[in-house]
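So you can see what is in the structure, the chains are spelled out below.
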Amino acid sequence: MAEKAALFEGYLSCHVCSETFRDPVSLTCNHSFCSSCLQKFWEQAKNKNCPICKRKSSKDYPSINLSLKDLADSFAKRQNNGSPETEKEKEKEEVVCDKHPEVPYWFCEDEQRAVCPVCEFSLHQSHKVVPVEQAVSDLKDQLKSDLKSLQDKRDKYKQVEKTYNEMVEHSKNQLLSTEKRIRAEFNKLHQFLKEEEESRLAALREEEEQKGKTISREMKRIQEQISSLSDSISAVEEDLQKHNVSFLSSYKPTQTRARDQCSLSDPQLVSGVLIDVAKHLGNLSFRVWEKMKERVHFSPVILDPNTAAHCLYLSDDLTSVRRGDTNQQLPDNPERNTKYATVLGSEGFSSGKHSWEVEVGDHPVWIVGLAKESVDKGEKYASPEYGFWCLVYRSGKYTDGADKTVTEKKSLQRIRVQLDYDRGEVSFYDPEDMTHIYTLRDAFTEKLCPFFGIGSAGDAKTTDIKICQTKI
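Bear in mind that the values here come from a model prediction, so they are computed numbers and not experimental data.

*Asks:* Can you lay out the nonpolar core for me, pointing to particular residues and giving the numbers?
*Replies:* The biggest cluster of nonpolar side chains holds 37 residues, and the ones touching the most others in it are Leu312, Trp366, Leu391, Ile415, Phe428 and Phe452. Elements supplying a minimum of two residues to this core: β10 (353-359), β11 (366-372), β12 (388-394), β15 (414-420), β16 (425-430), β17 (435-441), β18 (448-454) and β19 (464-467). Every residue in contact with Phe452, bar those within four places of it in the chain, is listed here: Val301, Leu303, Ala341, Thr342, Val343, Trp356, Val358, Ile367, Val368, Ile465 and Ile467. Counting 28 residues, the second-largest nonpolar core is a separate cluster that includes Phe107, Leu143, Val160 and Ile215.

Okay, structure coming up:
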């Protein structure tokens, strides 16, 4: 071992001062010397010849050989401090070169491998090489960063999976509650409506099955991604436990795979996977109007429970809404407003004239009107600037949502909302005497949905705001 160390020391010794290189430079003849030793030699010799072979140098001031410097500095440090490794640890280290197992190896970044500085010195003079310990440390730091990215990515997929599980459970509850409501409606009808009732139940179950399949398919894909990410994380963790050369020989494909997976787009929840309750319940009686004409009423707007905030409670017929004291356990599906107490109508409008009335009573805080289908659910202001055309009542005054006060001589109990899509007008009236309140004008470019917001009722007698029904 001492002989090998002495041999290696010979390769790293300056032929002028006979000590380990300090800032070594290499001449075109491939002989190397300490930079200061070479300059002193040239000053004394009064020429630019190599001290060994006497060949004239083509460079007046040769640049530092960084690869040789790193190797010499590493060797000098080991000589001064002694080897920190025990014999047992050295036995575990992989050997790059059988001839020189004790020398501190290089890592060639150009070729991405560990090399012997004695045998392969001349082959890597123009390459970027660093001590193998430094290379391992740097590469493990990179892989640890990749591991963190993989873990973060898996956490996002797990969160989506959790939301899907909540949606599955909620969908089952929707199935049960919607089925109960449908039965309650049909129980009011005569026996001859039984066939219509069963037809609608079948449609409900078919939709639940189809949307259940959609969720199952998406969940399967999410689970496959989680499994794949977990496998990659395990592979990275396994590589991080390996020793230097073994690690260097296997880390690259693991890192490539990890980075490929880290570049995957974040998981997104699919819209429209909850049961469209409004489709089954909305205007149900009106749809059998030909048979029950004298007994049914029609609601021009049906509220969509899949868009309602957690704190809002809708009536069974989906025509009224109130603000509750506690939040319901509802999934955060993309359609739902999770920030503000609002709910949308189940059907939007992209042409024609439409109108409906809303009973607000003495409720102290409410918003009625329309909103763009693509409106930002986190938007704070219900004004035209942000895609809302509404009448807002708060703090005893009426505004247009942009804090512009609307003058009204009396307290309104009902509001009539009137949309003329093609003319770009949203108007509000007092339906008691059809007094015009105000009109908003704009150029509509997308579907508009009925929009409702409600605050706490406090001591008011009216706890719900309700869409008024009409008799056919």
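So that's the structure; there's more coming.
*Asks:* Tell me what's going on with the confidence of the model for the protein chain, and back it up with residues and numbers.
*Replies:* On average, residues of the protein chain carry a pLDDT of 85, and 88% of them reach 70 or more. Note that residues 83-92 has pLDDT below 50 and, in this model, eight contacts with residues that lie over four places away or in other chains.

*Asks:* So, the pattern of salt bridges: which residues are in play, and what are the values?
*Replies:* Enumeration over the complete set of coordinates arrives at 23 salt bridges. Note that Arg416 and Glu357 form a salt bridge whose closest N and O atoms lie 3.5 Å from each other. With a gap of 59 residues between them, Arg416 in strand β15 and Glu357 in strand β10 connect regions that are remote in the sequence. Using a relative accessible area of 18% as the deciding quantity, one classes Arg416 as buried. Residue Glu357 is classed as buried on the basis of its relative accessible area, which comes to 19%. Two residues, Lys410 and Glu432, come together in a salt bridge whose shortest N-O distance is 3.6 Å. Here Glu432 lies in the loop between β16 and β17 and Lys410 lies in the loop between β14 (405-406) and β15, a separation of 22 residues in the sequence. Through salt bridges with shared partners, a single network forms among Glu179, Arg183, Glu197 and Arg205.

*Asks:* How would you summarise the packing of helix α6 (residues 194-240) against helix α7 (residues 244-262) if you had to cite specific residues and measurements?
*Replies:* For any two helices packed against each other, the geometry comes down to the angle between their axes and how far apart the axes lie. Where α6 contacts α7, the axes come no closer than 10 Å and their chain directions differ by 155°. Classified by the interaxial angle, the pair formed by α6 and α7 is roughly antiparallel. As for the relative orientation of α6 and α7, their crossing is left-handed in sense. Contacts between α6 and α7 involve Ser228, Leu229, Asp231, Ser232, Ala235, Val236 and Asp239 on the former and, on the latter, Phe247, Ser250, Tyr251, Thr254, Arg257, Ala258 and Gln261. Counted by class, the contact of α6 with α7 contains six nonpolar, five polar and three charged residues.

*Asks:* Tell me about the pairing of β12, and please be specific about residues and values.
*Replies:* Burial of β12 is extensive: six of the seven residues sit out of reach of the surface. Sheet topology note: the β11/β12 ladder contains six bridges and is antiparallel. From the neighbouring strand, Val368 faces β12, where its bridge partner is Leu391. Pairing geometry for β12 and strand β13 (residues 397-399), over three bridges, is antiparallel. Paired with Tyr393 across the bridge in β13 is Tyr398. Hairpin connection from β12 to β13: two residues lie between these consecutive antiparallel strands, with Ser395 at a positive phi of about 55°.

*Asks:* Any chance you could break down the side chain of Asn337 for me, citing the residues and the numbers?
*Replies:* Residue placement: Asn337 occurs in the loop between β8 (320-323) and β9 (342-344). Overall, the relative accessible area of 6% leaves Asn337 in the buried class. Within polar-contact distance, the side chain of Asn337 engages the backbone oxygen of Lys377 at 3.2 Å.

*Asks:* Can you lay out the packing of aromatic side chains for me, pointing to particular residues and giving the numbers?
*Replies:* Applying the stated criterion across every chain, the model contains nine aromatic pairs. Ring pairs connect the aromatic residues Trp366, Tyr393 and Tyr398, which therefore count as one cluster. Here the basic side chain of Arg322 rests over the ring of Tyr313, its NZ or CZ set 4.7 Å away from the ring centre.

*Asks:* So, the environment of Pro364: which residues are in play, and what are the values?
*Replies:* Here Pro364 shows up in the loop between β10 and β11. Take Pro364: its relative accessible area is 29%, and that puts it in the partly exposed class. Between the alpha carbons of Pro364 and Ser395 there is a distance of 7.2 Å; along the sequence they are 31 residues apart. Discounting chain neighbours no more than four positions away, the residues touching Pro364 are Tyr393, Arg394, Ser395, Ser456, Ala457 and Ala460.

*Asks:* Got a sec to walk through the side chain of His363? Specific residues and values, please.
*Replies:* Positionally, His363 belongs in the loop between β10 and β11. Of note is the side chain of His363, whose polar atom sits 3.1 Å from the backbone oxygen of Val365. When neighbours within four sequence positions are excluded, His363 is seen to be in contact with Tyr393, Ile454, Gly455, Ser456, Ala457, Ala460, Thr462 and Thr463.

*Asks:* Explain the packing of helix α5 (residues 132-187) against α7 to me, and be specific about the residues and the numbers.
*Replies:* Remark: α5 packs on α7, axes separated minimally by 10 Å, with the N-to-C direction vectors making an angle of 30°. When the axis of α5 is compared with that of α7, the two are roughly parallel. The two elements α5 and α7 meet at a crossing, and its hand is left-handed. Each of Val132, Val136, Leu139, Lys140, Gln142, Leu143, Asp146, Ser149, Leu150 and Lys153 in α5 lies in contact with α7, whose residues at this interface are Asn244, Phe247, Leu248, Tyr251, Gln255, Ala258, Arg259, Gln261 and Cys262. Here the contact of α5 with α7 is composed, by residue class, of ten nonpolar, five polar and four charged.

*Asks:* Run through the sheet that holds β15, naming residues and quoting values.
*Replies:* Taken in spatial order, the seven strands make up an open sheet running β7-β8-β19-β10-β15-β16-β17, and their pairing is antiparallel. One side of each edge strand has no neighbouring strand; the edge strands of this open sheet are β7 (312-314) and β17. Looking at each pair of strands side by side, their axes are set apart by 20° on average, direction ignored. Pairing of β16 with β17 involves six bridges; the strand directions are antiparallel. Residue pairing in the sheet places Tyr429 in a bridge with His436 of β17.

*Asks:* Break down the sheet that holds strand β3 (residues 106-108) for me, with residues and values.
*Replies:* Strand-to-strand pairing in sheets goes through backbone hydrogen bonds, with the strands running parallel or antiparallel. Taken in spatial order, the three strands of this open sheet run β4-β3-β5, and their pairing is antiparallel. The strands lining the two open edges of the sheet, one partner per strand, are β4 (113-115) and β5 (129-131). Direction aside, neighbouring strands of the sheet carry axes that sit 40° apart on average. As paired strands, β3 and β5 are joined by three bridges and run antiparallel to one another. Considered in β5, the bridge of Cys108 is made with Val129. Each of β3, β4 and β5 is contacted by α5, which is oriented at about 95° to β5, the strand it contacts most.

So, how was this worked out
- Residues numbered from 1 in each chain as written.
- Predicted model: local features only at pLDDT ≥ 70, side-chain atom pairs only at ≥ 80, totals over all residues.
- Heavy atoms only, no water.
- Core = buried A, V, L, I, M, F, W, Y, C linked by side-chain atoms within 4.5 Å.
- Buried < 20%, exposed > 50% of the residue type's maximum accessible area, 1.4 Å probe, protein only.
- Helix = DSSP H or I, 4+ residues; strand = E, 2+ residues; numbered from the N terminus.
- Contact = heavy atoms within 4.5 Å.
- pLDDT = per-residue confidence, 0-100.
- Salt bridge = Lys/Arg side-chain N within 4 Å of Asp/Glu carboxyl O.
- Axes fitted to C-alpha atoms, helices over the stretch in contact; angles between N-to-C directions.
- Parallel < 35°, antiparallel > 145°, perpendicular 65-115°, else oblique.
- Left-handed = near helix turned anticlockwise from the far one by under 90°.
- Nonpolar A, V, L, I, M, F, W, Y, C, P; charged D, E, K, R; others polar.
- Pairing = 2+ DSSP bridges.
- Polar contact = N/O pair within 3.5 Å; in protein donor to acceptor, adjacent residues only side chain to side chain.
- Phe/Tyr/Trp six-rings, centres within 6.5 Å; stacked < 30°, edge-to-face > 60°.
- Lys NZ or Arg CZ within 6 Å of the ring centre and 35° of its normal.

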